[in-house]
Amino acid sequence: MAGYEFSEPADRRKIADLSAELQAAGAPRHACDPAFRHGVVVGFDGSTSSERALAYAIGMAVRLGSGLIIVHVANRLPTTVWAGCEPPVFVDVPDHRTEVLGLELACADYLADVPWILVERGGDICHELEEVGREYSADAIVVGSTHGIVGRIFGSVAGRLARRAQRPVIVIP
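Notes on the structure in this doc start here. (Residues numbered from 1 in each chain as written. Predicted model: local features only at pLDDT ≥ 70, side-chain atom pairs only at ≥ 80, totals over all residues. Heavy atoms only, no water.)

A few words now on the overall build of the protein. Counting secondary structure elements, the protein contains six helices and seven strands. The buried share of the protein, reckoned over its 173 residues, is 34%. Long-range contacts, defined here as pairs at least 24 residues apart, represent 70% of the contacts in the protein between residues at least 6 apart. Carbon and sulfur atoms provide 58% of the accessible area of the protein, an area that totals close to 11,100 Å². (Helix = DSSP H or I, 4+ residues; strand = E, 2+ residues; numbered from the N terminus. Buried < 20%, exposed > 50% of the residue type's maximum accessible area, 1.4 Å probe, protein only. Contact = heavy atoms within 4.5 Å. Areas by Shrake-Rupley, 256 points an atom, 1.4 Å probe, with all protein chains shown as cover.)

For the rest of this paragraph, the subject is the packing of aromatic side chains. In the structure shown here, the tally under the stated rule is zero aromatic pairs. Note that Arg63 overlies the ring of Tyr56, its terminal NZ or CZ placed 5.8 Å from the centroid. (Phe/Tyr/Trp six-rings, centres within 6.5 Å; stacked < 30°, edge-to-face > 60°. Lys NZ or Arg CZ within 6 Å of the ring centre and 35° of its normal.)

Before going further, it helps to spend a moment on the sheet that holds strand S5 (residues 116–122). Here five strands make up an open sheet; going across it, the order is S5-S2-S1-S6-S7 and the pairing parallel. Of all strands in the sheet, those bounded by a partner on one side alone are S5 and strand S7 (169–172). Pairwise comparison of adjacent strand axes, ignoring direction, gives a mean angle of 25 degrees for this sheet. Relative to S7, strand S6 (residues 140–144) runs parallel, the two being bridged by four bridges. Among the inter-strand pairings, Gly144 is bridged to a residue of S7, identified as Ile172. (Pairing = 2+ DSSP bridges. Axes fitted to C-alpha atoms, helices over the stretch in contact; angles between N-to-C directions.)

This next bit is on the pattern of salt bridges. Here the structure, examined in full by the defined rule, presents six salt bridges. Between Arg167 and Glu130 there is a salt bridge whose closest N-O contact spans 2.9 Å. Placement of Arg167 in the loop between helix H6 (157–164) and S7 and of Glu130 in helix H4 (residues 125–135) is noted, with a sequence separation of 37 residues between them. Exposure class is identical for Arg167 and Glu130. Each is buried. One salt-bridge network, in which partners are shared between bridges, spans Arg121, Glu128 and Glu135. (Salt bridge = Lys/Arg side-chain N within 4 Å of Asp/Glu carboxyl O.)

So, about the side chain of Arg167. Residue class for Arg167 comes out buried when judged on its relative accessible area of 17%. Within the structure, Arg167 has its side chain in polar contact with the side chain of Glu130 (distance 2.9 Å). Among the polar contacts listed, one links the side chain of Arg167 to the backbone oxygen of Ala138, at a separation of 3.2 Å. (Polar contact = N/O pair within 3.5 Å; in protein donor to acceptor, adjacent residues only side chain to side chain.)

On to unusual backbone geometry, then. Look at His38: it is not a glycine, yet its phi comes out positive at around 60 degrees. Within the secondary structure layout, His38 lies in the loop between helix H1 (10–24) and strand S1 (40–43). With relative accessibility at 43%, the residue His38 sits in the partly exposed group. A positive phi angle, close to 50 degrees, is found at Ser137, a residue other than glycine. Mapping Ser137 onto the fold places it in the loop between H4 and S6.

Moving on to the packing of H4 against H6. One can describe the packing of H4 onto H6 by two numbers: an axis separation of 9 Å at closest approach and a directional angle of 50 degrees. Classified by the interaxial angle, the pair formed by H4 and H6 is oblique. Considering the relative orientation of H4 and H6, their crossing is right-handed. Contacts between H4 and H6 involve Ile125, Cys126, His127, Leu129 and Glu130 from the first element and Val157, Arg160, Leu161 and Arg164 from the second. For the contact of H4 with H6, the residue count by class is five nonpolar, one polar and three charged. (Parallel < 35°, antiparallel > 145°, perpendicular 65-115°, else oblique. Left-handed = near helix turned anticlockwise from the far one by under 90°. Nonpolar A, V, L, I, M, F, W, Y, C, P; charged D, E, K, R; others polar.)

Pasting the structure below:
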């Protein structure tokens, strides 16, 4: 067939090379809203210490003129399912607490002065907070301190996060 040969424009090849380069460099796995880039990440589970951390993070975001990324790491508890003679199977039981927290936060008057989003993750709390901080290029991560026997036995989330984080971690007592 007689016709014209269309070569790919040079600009298109540059864009393809750039996108492949970004993927190889470890671009964020989730697309994040650019309005919240360089915001303040805060871990929130509805506890008293996380409420204090949220209050501090709100003030910090207002002072910086940035957005607030509220992160709830959902509990995915392994549960054993026994099916007769077969070996037990472990399944994840989802935690619907994030939906409840989201509704409570949406009705809260104290969040009216700052743009905010609620991000749900599942897994290790320290890893997920740091990952969200990396994805949003957060200026800081704010967490509440752990009180009680569980924190003493297994180590507090705040302590583990402060040791491994690549950005400032603020621990609110």
